[in-house]
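# Reading the structure
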Amino acid sequence: MLFRLALKNVVSRKSSYAIVFFITLAVTLFCVANAVFDSTEQGVQNCFISSFTGDLVIRSKSKTQVSLFGDDTPVTGNMTRIEKIIPYEEIKKTVEALPELSGCVSQVTGAGLVSSGSASRALYVFGVNAQEYLNVMLAISIIEGEPFIPGEKGVMVSKAIADSLGLSIGDRIQFSVAEGASFRIRSGTLTAIFDYTTQNDIFERFVIADPDLVRDLMALGNSLDFTDIEIEEDKTDLLDIDMDIDSLFDDAFDVDAIWEDVEVAEVEPESVFTDDNYITESFSWNYLVVKLKNSSSASSVIRKLNKVFKKNGWPVEATDWRHAAGSTSLYLYWMRVIFNAGILIILAAGFIIINNTLIINILDQTREIGTLRAIGAKKRFISFQYMIETFTMTLTSGVLGTLLGILISWLITKAHITLTNSFLVQLFGSDALTLSVTASNISSLFLLAVGLGFIGWLYPVATALKVYPVKAMAGAK
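If you're wondering where the values come from, they're calculated on a predicted model, not measured in any experiment.

## A closer look at the overall build of the protein chain
Scanning the protein chain from terminus to terminus reveals 14 helices and 12 strands. By the burial criterion, 44% of the 477 residues in the protein chain qualify as buried. Relative to all contacts within the protein chain whose residues are 6 or more apart in sequence, the contacts with residues 24 or more apart total 79%. With the model as given, the accessible surface of the protein chain reaches about 26,200 Å², and the carbon-plus-sulfur share is 60%.

Here you go:
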């Protein structure tokens, strides 16, 4: 009876249709706006993590903001010395033991003037194992040439950089870095030209090269990690600066020379440099770029890794793809935040108006509430009746608005709207506008509808019930 009476009241009043219409419109706009926000976030994330950042990056701890490009703070913005990750072997074993792992690649970063002939550009240089890198960065596709093999001192560049420098496969590329009054110059051979599935200006800031080439360029060396090596006390005598060097040879004596023929096995020179046995596993690495099986688990994996690092006292930290991408990604993030805030302010103003309409709708029924109380209706009965009325309108609007929002998002996606503005391409992470309504989006819409219904029911009913029945019947508010 209570539900039937409430539904009858909703259907019989013309104001109910107006309320349902406006709430439906607001929910639809909110649904489409959320789909746009999700599209920009997901688009940029997919673009970056499959192109050069991975899902997360392990780097040495730093007081400044450090990305894959080095010091990325707004104040300096310069390429400063990037610390090595120590202890590299233990950290890599920890990462490779993750069940969530899809792949990882070690990286050393440098920067300098990249030249070919008379053309030159200031670029960053990512030193990686080429094949491992391509296995992790699935958005990269080789369009000409082959990935360099370890020890080849090879270089790979994007098509945009190759066009700007006039490069072709087999060309020698020169890298130069200023060091005081002199320059450190290294060179490599272009072995491959690649392209990305989605274009972004940030991809034109770096080239991919053999890690030994980058270490030589940045004077990092190809050394092992000798941290925490303890020397026994009885072996430290040789380190005593007061010792008599001549005393080392007191027991020496001359002997006749001995000559013995020894057969030496012949070794093919090229076999030393095959992919299987070429020794490139240096401990001079700046980053570990990690790709996960499921990108949505990145936050939990980062927390887990940082707990392990802290427990072992390792001076490294795991960070997400956004901080690995640097200032460009953070700039786009804050631009989206400002854009989203503007839309939300507009929608909030609309919801305030809708909520006021719900409140006025019940306050206008104060006389009816007084009549019901006069004929014996209890406050609880009246409260539930108007609660059902209000929630019927808001939840109906929520369902209609969500369905309409899904339909509009689908139509926009099917329209294949292409973006030509470079900023919009970076903002959406794609050159086409693709909207999708997620489960979290739908749940937030229904929470919004329930919230509107609760606020639009609680205050006006509580106010109307405080009025005496006689005054309420007289039209008091």
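## As for the packing of aromatic side chains
Within this structure, the stated rule accounts for 15 aromatic pairs. Ring centres 5.4 Å apart and planes at 75° place the aromatic pair F21 and F22 in the edge-to-face group. Ring geometry for F48 against F52: centres 5.7 Å apart, planes inclined by 50°, an arrangement best described as tilted. Taken together, the residues F48 and F52, both in helix α2 (residues 14-53) and four residues apart, mark about one turn of the helix. Note on F48: relative accessible area 0%, which makes it buried. Cluster of aromatic residues (ring-pair linked, three or more members): F48, F52, F69, Y124, F126, F194, Y196, F203, F206 and W321. When the ring centre of F69 is taken as origin, the NZ or CZ atom of R205, which lies over that ring, is 4.4 Å away.

## Digging into the side chain of D210
Mapped onto the elements, D210 comes out in the loop between β10 (206-209) and α6 (211-218). It is K153 that comes nearest to the buried, bridge-free D210 among opposite-charge side chains, at 5.7 Å. At 2.9 Å, the side chain of D210 forms a polar contact with the backbone nitrogen of D212.

## Some points on α6
Counting buried residues along α6, seven of its eight residues qualify, which places the element largely inside the surrounding structure. Of the residues making up α6, those classed as buried are P211, D212, L213, V214, R215, L217 and M218. Contacts from the buried residues of α6 go to β4 (101-116), β5 (119-127), β7 (154-158), β8 (172-179), β9 (182-196) and β10.

## Points about the nonpolar core
Membership of the largest hydrophobic core comes to 44 residues, with the highest contact counts inside it found for L56, I58, V157 and F175. The element contributing the most residues to this core is helix α7 (residues 298-312), with five residues. Beyond its immediate chain neighbours, meaning those up to four positions away, L56 contacts L288, V289, V290, L292, A298, V301, I302, L305, A318 and T319. In terms of nonpolar packing, the next biggest core, distinct from the first, is built from 35 residues, F48, F52, F69 and A130 among them.

## Concerning the environment of Y88
Following the sequence through the fold, Y88 ends up in helix α3 (residues 88-96). Looking at Y88, the relative accessible area reads 1%, which means it is buried. Measuring from C-alpha to C-alpha, the distance between Y88 and F283 comes to 6.0 Å, with 195 residues separating the pair along the chain. Reaching out from Y88, the side chain makes a polar contact with the side chain of S106 at a distance of 2.6 Å.

## Describing the side chain of S158
Locating S158 in the fold gives a position in strand β7. Look at S158 and you get buried, because its relative accessible area is 4%. Setting aside residues up to four positions removed in sequence, S158 forms contacts with I193, F194, Y196 and F203.

## Observations concerning the environment of K61
Mapping K61 onto the fold places it in the loop between β1 (56-60) and β2 (66-67). The exposure class assigned to K61 is exposed, which follows from its relative accessible area of 53%. For the pair K61 and A318, spaced 257 residues apart in the sequence, the C-alpha separation amounts to 9.1 Å.

## Observations regarding unusual backbone geometry
Residue P87 follows I86 across a cis peptide bond; omega there is -5°. Here the phi dihedral of K153 falls at roughly 55°; this positive angle occurs in a residue that is not glycine. Along the polypeptide, K153 turns up in the loop between β6 (140-145) and β7.

## Structural notes on a nonpolar patch on the surface
A cluster of nonpolar side chains, namely L404, L407, I408, W410 and L411, defines an oily patch on the protein surface of about 450 Å² accessible area. With respect to the element layout, I408 can be found in helix α11 (residues 379-414).

## As for the pattern of salt bridges
Tallied over the entire structure, the rule returns six salt bridges. Salt-bridge contacts for E317 lead to R59; the nearest nitrogen and oxygen are separated by 3.2 Å. Remark: R59 occurs in strand β1 and E317 occurs in strand β12 (residues 316-320); sequence separation between them is 258 residues. Accessibility expressed as a relative area gives 21% for E317, which makes it partly exposed.

## Re the pairing of β4
Counting buried positions along β4 yields 14 of 16 residues, so the element is predominantly enclosed. The pairing of β4 with strand β11 (residues 287-292) spans six bridges and is classified as antiparallel. Looking across to β11, one finds that L101 is bridged to L292. Note that β4 and β5 share nine bridges and pair antiparallel. Bridge assignment links S115 to a residue of β5, and that residue is S120. Counting the residues between successive antiparallel strands, the hairpin from β4 to β5 contains two residues, one of them, G117, with a positive phi of roughly 70°. Pairing geometry for β4 and β8, over three bridges, is antiparallel. Counted as the bridge partner of V114 is F175 from β8.

## Observations concerning the confidence of the model for the protein chain
Overall, the prediction assigns the protein chain a mean pLDDT of 77, with 71% of residues at 70 or greater. Considering each helix and strand of the protein chain separately, the mean pLDDT is smallest for helix α14 (residues 469-473), with a value of 60, and largest for β7, with 95. In this model, residues 223-229 is a region of pLDDT below 50 whose contacts with residues beyond four sequence positions or in other chains number 10 contacts. Low pLDDT (under 50) marks residues 264-280, which in the prediction has 15 contacts with non-local residues, meaning those over four places away or in another chain.

Parameters and conventions
- Along each chain, residues carry numbers from 1 onward, in the same order as the chain's sequence is written.
- For this predicted model, a pLDDT threshold of at least 70 governs which residues receive local features, and a threshold of 80 or more governs which side-chain atom pairs are given and counted, while totals over whole chains, interfaces and linings are taken from all residues.
- To obtain the side-chain values, all non-hydrogen atoms of the structure were included, while hydrogens and water were left out.
- Secondary structure follows DSSP: runs of H or I at least 4 residues long count as helices, runs of E at least 2 residues long count as strands, and numbering of each begins at the N terminus.
- Only protein chains enter the accessibility calculation, which uses a 1.4 Å probe; a residue is then buried when its area is under 20% of its type maximum, exposed when over 50%, and partly exposed in between.
- Residue contacts are defined here by distance: any two heavy atoms, one from each residue, within 4.5 Å place the two residues in contact.
- For accessible areas, the Shrake-Rupley method is used with a probe of radius 1.4 Å. Any residue's cover is judged against the shown protein chains and nothing else.
- Stacked, tilted and edge-to-face are the three classes assigned to paired rings of Phe, Tyr and Trp, where Trp is represented by its six-membered ring and a pair needs centres within 6.5 Å; plane angles under 30 degrees give stacked, over 60 edge-to-face, the rest tilted.
- As a reminder, the over-ring test applies to NZ of lysine and CZ of arginine, requiring each to be within 6 Å of the ring centre and within 35 degrees of the ring normal.
- Residues scored as positive are Lys and Arg, those scored as negative are Asp and Glu, and His as well as the terminal groups of each chain are ignored.
- In the sections that follow, a salt bridge refers to a side-chain nitrogen of Lys or Arg positioned within 4 Å of a carboxyl oxygen of Asp or Glu.
- For the purposes of these results, a polar contact is taken to be a pair of N or O atoms within 3.5 Å, where, inside protein, one atom must be able to donate a hydrogen and its partner to accept one; residues adjacent in sequence count only when each atom of the pair is a side-chain atom.
- Put simply, buried Ala, Val, Leu, Ile, Met, Phe, Trp, Tyr and Cys residues joined by side-chain atoms within 4.5 Å make one nonpolar core.
- To count toward a patch, a residue needs a relative accessible area above 30% and no salt bridge. Like charges then connect within 9 Å, nonpolar side chains (Val, Leu, Ile, Met, Phe, Trp, Tyr) within 5 Å.
- Strands are treated as partners if at least two bridges between them are detected by DSSP.
- Confidence scores labelled pLDDT are given residue by residue by the predictor and lie between 0 and 100.

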